[in-house]
Amino acid sequence: MAQVAHGEHGLRRVIDEDRELDGVGEQELLDLYRGMVLLRTYDERSLVYHRQGRIGTYAIFWNHEAMQAGSVYALEDDDWIFPSYRESAIGLLRGMPPATVLSWWRGHPAGWWNPADYNVASICVPIASHVPHAAGLAWGKKLKGERACAIAYFGDGATSEGAFHEGTNFAGVMQAPLILFCNNNQWAISTPLSAQTHAEALADKAVGYGIPGVRVDGGDVLAVFEATREAVERARTGGGPTMIEAVTYRVAPHATADDPRSYIDLERVEQEKQNECLGRYERYLRRLGVLGDGLETEIKAEAADAMRKGIADAEAEPEPDPELLFENAYVVPPPNLREGWDG
Ligand SMILES: Cc1ncc(C[n+]2csc(CCOP(=O)(O)OP(=O)(O)O)c2C)c(N)n1
Ligand SMILES: [Mg+2]
């Protein structure tokens, strides 16, 4: 395993360097591709479903698929995933039905899965608050002598939150088998990275906690996979946590409720779109002769079918009982709530 230097600033790349990875043959390359296409299809269809009023506000992750699929592909099924809202559909890579995630965005209780069914924790909306949870779970795995590790996903903005620092410090001190995966898309809603931090690189924050920090090109699915595979190996062999900063650029609005035209550089967005992660990977696979028109069409049709079924299943869910809202909120419901409800 390559030794990762503390504070490595250059972005690791595989696709643009036309490198091939050990242990990654045609089958593995295509499995990764299927995962990316599934995520991309989920994302693009979700935007349409939102516009049609079939799901609520939705956090778009277009051009984040390489970070999500590349890192999950380096895990085993026993390893735990802690997603933020940006990785809402990451469970699909573990066999979660699209209807479950769509139900989450519909605010329907069918969207709350049992985390132990997939080793995927609940989607976290309060920024960085899942980092200490992930550190605790990873430490627990170590205490029990289990092989599994955990990965927590968060954004560049999350690195300014106390919970990120507490969780990262804790993981470092306990040498918990944790991967801290930062999707640095350079925006936190309308706050640019330059207003977020004066640090040269977000990966440098790990160094202060005695943790290796690695920077990768977040649009290069194989570079993400390689960096995560090394971090997993480190975690499993008692080497403790690793922070991965995957650098990319947000080319979509923060969410469907956002209009970035008032703050973003639209020329830069257009430029970044030209090199978006799925197209970049497709060109690589074509260069290798692994992907052709027929297979691409087939894989995309499969994903589109899965989404059609997903939205149909989500919409077929019976209306939830409004009492559920209060079911887990109070041990003893206040009398005035009961009166208001009944009357
Ligand atoms: C604790 C907390 N504060 C504020 C918010 C409101 N909020 C939602 S998304 C967001 C920006 C987060 O940006 P970043 O961490 O870069 O993640 P990205 O959305 O870019 O993936 C903010 C401030 C929140 N959800 N939680
Ligand atoms: Mg961000």
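Basis of the calculations
- Residues numbered from 1 in each chain as written.
- Chains lettered and ligands numbered in written order.
- Predicted model: local features only at pLDDT ≥ 70, side-chain atom pairs only at ≥ 80, totals over all residues.
- Heavy atoms only, no water.
- Donors = N, O, S within 2.8 Å, 3.2 Å for Na, K, Ca; no water.
- Buried < 20%, exposed > 50% of the residue type's maximum accessible area, 1.4 Å probe, protein only.
- Axes fitted to C-alpha atoms, helices over the stretch in contact; angles between N-to-C directions.
- Helix = DSSP H or I, 4+ residues; strand = E, 2+ residues; numbered from the N terminus.
- Parallel < 35°, antiparallel > 145°, perpendicular 65-115°, else oblique.
- Left-handed = near helix turned anticlockwise from the far one by under 90°.
- Contact = heavy atoms within 4.5 Å.
- Near = heavy atom within 4 Å.
- Polar contact = N/O pair within 3.5 Å; in protein donor to acceptor, adjacent residues only side chain to side chain.
- Areas by Shrake-Rupley, 256 points an atom, 1.4 Å probe, with all protein chains shown as cover.
- Nonpolar A, V, L, I, M, F, W, Y, C, P; charged D, E, K, R; others polar.
- Phe/Tyr/Trp six-rings, centres within 6.5 Å; stacked < 30°, edge-to-face > 60°.
- Pairing = 2+ DSSP bridges.
- Salt bridge = Lys/Arg side-chain N within 4 Å of Asp/Glu carboxyl O.
- pLDDT = per-residue confidence, 0-100.
- Right-handed = clockwise from strand over helix to strand, strands pointing away.

Chemist: Can you tell me about the coordination of the magnesium ion (ligand 2), naming the residues and giving the values?
Modeler: Bound to the magnesium ion (ligand 2) on the protein side are Asp156 (OD), Asn185 (OD1) and Trp187 (O), at distances that span 2.1 Å. Spacing between the donor residues of the magnesium ion (ligand 2) along the chain follows D-x28-N-x1-W. Trp187 matches Asn185 in its accessibility class, with the two residues each being buried.

Chemist: Residue-level account of the packing of helix H2 (residues 65-72) against helix H9 (residues 221-236), with values.
Modeler: Between H2 and H9, the shortest axis-to-axis distance is 8 Å and the interhelical angle comes to 40°. In terms of orientation, H2 lies oblique with respect to H9. Note that H2 runs across H9; the crossing there is right-handed. The residues of H9 that touch H2, namely those facing Ala66, Met67, Gly70 and Ser71, are Val221, Val224, Phe225 and Thr228.

Chemist: Could you give an account of the site of ligand 1, with specific residues and numbers?
Modeler: Around ligand 1, the surrounding shell holds 16 residues, and the nearest of these are Tyr85, Arg86, Asp156, Gly157 and Trp187. In this structure, Tyr85 approaches ligand 1 through a side-chain N or O atom, which is 2.6 Å from an oxygen atom. When ligand 1 is considered free in solution it has 590 Å² of accessible area, and contact with the protein chains removes 71% of it. Class assignment for the residues of the shell around ligand 1 results in 8 nonpolar, 5 polar and 3 charged.

Chemist: Give me the lowdown on the packing of aromatic side chains, citing residues and values where you can.
Modeler: Per the counting criterion, the structure on display carries 13 aromatic pairs. Geometrically, the ring pair formed by Tyr73 and Phe225 is tilted, given 5.8 Å between the ring centres and 50° between the ring planes. Here the residue Tyr73 occupies a position in the loop between H2 and strand S1 (80-82), and Phe225 occupies one in helix H9, the gap between them amounting to 152 residues. On the accessibility criterion, Phe225 (7% relative accessible area) is buried. Ring centres of Trp187 and Tyr263 lie 5.3 Å apart, and the angle between their planes is 50°; this geometry places the pair in the tilted category. On the criterion of sequence distance, the pair formed by Trp187 in strand S4 (residues 187-188) and Tyr263 in the loop between strand S7 (242-247) and helix H10 (266-274) is long-range, its members being 76 residues apart.

Chemist: For the sheet that holds S7, give the residues involved together with the corresponding values.
Modeler: Read across the open sheet, the 5 strands follow the order S1-S2-S3-S7-S6; overall the sheet is parallel. Looking along the sheet, the strands with just one partner apiece sit at the ends: S1 and strand S6 (213-217). Across the sheet, the axes of successive neighbouring strands diverge by a mean angle of 20°, strand direction being ignored. As judged from the 6 bridges shared by strand S3 (residues 178-184) and S7, these two strands associate in the parallel manner. Looking at the pairing, Ile179 lines up with Thr242 of S7.

Chemist: I'd like a description of the side chain of Glu245, backed by residues and values.
Modeler: With respect to the helices and strands, Glu245 occurs in strand S7. Using a relative accessible area of 0% as the deciding quantity, one classes Glu245 as buried. A polar contact of 3.1 Å, which involves the side chain of Glu245, links it to the backbone nitrogen of Leu202. Here Arg215 takes part through its side chain, which lies 2.9 Å from a polar atom of the side chain of Glu245. Contacts of Glu245, omitting those with residues within four sequence positions, involve Cys182, Asn184, Ala201, Leu202, Ala203, Val214, Arg215 and Val216.

Chemist: Account for the pattern of salt bridges, naming residues and giving values.
Modeler: A full pass over the atoms with the stated rule returns 29 salt bridges. The salt bridge partner of Arg34 is Asp31, with a shortest N-O separation of 3.8 Å. Within this pair, Arg34 and its partner Asp31 are both found in helix H1 (residues 26-51), separated by 3 residues, close to a single helical turn. By relative accessible area, which is 31% here, Arg34 ends up partly exposed. Taking the shortest distance from any N to any O, the salt bridge between Asp77 and Arg94 comes out at 3.6 Å. In this pair, Asp77 sits in the loop between H2 and S1 while Arg94 sits in the loop between S1 and helix H3 (98-105), placing the two residues 17 residues apart along the sequence. Shared partners join several salt bridges into a network, and the residues in it are Arg12, Glu17, Arg19, Glu226 and Glu230.

Chemist: Got a sec to walk through the confidence of the model for the protein? Specific residues and values, please.
Modeler: Averaged over the protein, the pLDDT score is 95; the fraction of residues at 70 or greater is 96%. Of the regions scoring below 50 in pLDDT, residues 1-7 engages in 17 contacts with residues more than four places distant in sequence or in other chains.

Chemist: Got a sec to walk through the pairing of S6? Specific residues and values, please.
Modeler: The buried fraction of S6 is high, at 5 of 5 residues. Here S6 shows two buried faces, one formed by Gly213, Arg215 and Asp217 and the other by Val214 and Val216. As judged from the 5 bridges shared by S6 and S7, these two strands associate in the parallel manner. Counterpart to Val214 in the pairing with S7 is Ile244. As for the winding sense of the linkage, the β-α-β connection from S6 through H9 to S7 is right-handed.

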